[in-house]
Amino acid sequence: MRMLPQEDENNDNVEVTWEDQQRINTFSKMNTRLRGIEAQMEELKQDKEALDDLAMELELSDEDQPVLYVSEHCRCLFNLMIHCLSRYKVGEAFLHLPHRRAMKQLERDQAQVDKQFSTLTNRAEECEKTMKELKVVLYAKFGRAINLDE
């Protein structure tokens, strides 16, 4: 067990001002926001993988063969794709869709996922930058008396 030196344990003379509390609250909000963004990014990564796999399947399939194309984040995609039905999923409904249109829609969906991922990446970088700035200020004032790591 590691113990703090006596002078660090009794460092109660640091007063927490209203501005300090606001910085701590902002750091907490940014940390929570970052965790949510990371979860969304992980979902988008899975969706992108599913779309990439679907693109490979569509490229390998016969253009005359009917195609089942499922959008809306590609959940249970391969179970449906294997049956090669000529339907396109929009929300909860399926529509018939020719191979060529399915490929075009797939490209649009891939571009949309890439755009969403890029937006989330930028938001995550902004949160990390703000958190880093707040860490510098808070650690400078409170030292070991505050823990901003996970």
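Computed from a predicted model, the values in this text were never measured in an experiment.

1. What about the overall build of the protein?
Helices and strands together make up the secondary structure of the protein, namely 4 helices and 3 strands. Beginning at the N terminus, the succession of helices and strands in the protein can be written as α-α-β-α-β-β-α. Relative to its 150 residues, the protein shows a buried fraction of 28%. By sequence separation, contacts in the protein at least 24 residues apart represent 62% of the contacts at least 6 residues apart.

2. Description of the pattern of salt bridges
Under the definition given, this model contains 6 salt bridges. Among the ionic pairs, K141 bridges to D20, the shortest N-O distance being 2.4 Å. Residue K141 is located in helix α4 (residues 99-142), and its partner D20 is located in helix α2 (residues 18-60); the two are separated by 121 residues in the primary sequence. Its relative accessible area of 35% is what places K141 among the partly exposed residues. Between K48 and D114 there is a salt bridge whose closest N-O contact spans 3.3 Å. Taken together, the residues K48 in helix α2 and D114 in helix α4 connect sequence positions 66 residues apart. K48 sits in the partly exposed class, given a relative accessible area of 31%. What makes D114 partly exposed here is its relative accessible area of 36%. Here the salt bridges do not stand alone but share partners, grouping D20, R23 and K141 into one network.

3. Observations regarding the nonpolar core
Ranked by size, the top nonpolar core spans 24 residues in total, and within it I37, L58 and L106 carry the most contacts. Counting residues per element, this core draws most heavily on α4, at 11 residues.

4. Overview of the confidence of the model for the protein
In this model, the protein carries a mean pLDDT of 79, and residues with pLDDT of at least 70 account for 69%. Mean pLDDT per element in the protein: helix α3 (residues 77-81) is the minimum at 40, and α4 is the maximum at 93.

5. Some remarks on the UniProt feature "coiled-coil region" (unreviewed entry) in the protein
Mapped onto this structure's residue numbering, the UniProt feature "coiled-coil region" (unreviewed entry) falls at residues 27-61. The span residues 27-61 carries 97% helix and 0% strand; its end-to-end C-alpha distance comes to 50 Å.

6. Brief notes about a negative patch on the surface
Taken together, the side chains of E42, E43, E49, D53 and E57 define an acidic patch exposed on the protein surface. When you line up the elements, D53 lands in helix α2. With relative accessibility at 38%, the residue D53 sits in the partly exposed group.

7. Let's talk about the side chain of D20
Given the relative accessible area of 3%, D20 is considered buried. Apart from the residues within four sequence positions on either side, D20 is in contact with E15, L138, K141 and F142.

Calculation notes
Residues numbered from 1 in each chain as written. Predicted model: local features only at pLDDT ≥ 70, side-chain atom pairs only at ≥ 80, totals over all residues. Heavy atoms only, no water. Helix = DSSP H or I, 4+ residues; strand = E, 2+ residues; numbered from the N terminus. Buried < 20%, exposed > 50% of the residue type's maximum accessible area, 1.4 Å probe, protein only. Contact = heavy atoms within 4.5 Å. Salt bridge = Lys/Arg side-chain N within 4 Å of Asp/Glu carboxyl O. Core = buried A, V, L, I, M, F, W, Y, C linked by side-chain atoms within 4.5 Å. pLDDT = per-residue confidence, 0-100. UniProt positions renumbered as here; feature names shortened; annotations may be inferred. Patch = residues over 30% accessible without salt bridge, like charges linked within 9 Å, V, L, I, M, F, W, Y side chains within 5 Å. Areas by Shrake-Rupley, 256 points an atom, 1.4 Å probe, with all protein chains shown as cover. Lys, Arg positive; Asp, Glu negative; His and termini not counted. Charge placed at Lys NZ, Arg CZ, Asp CG, Glu CD.

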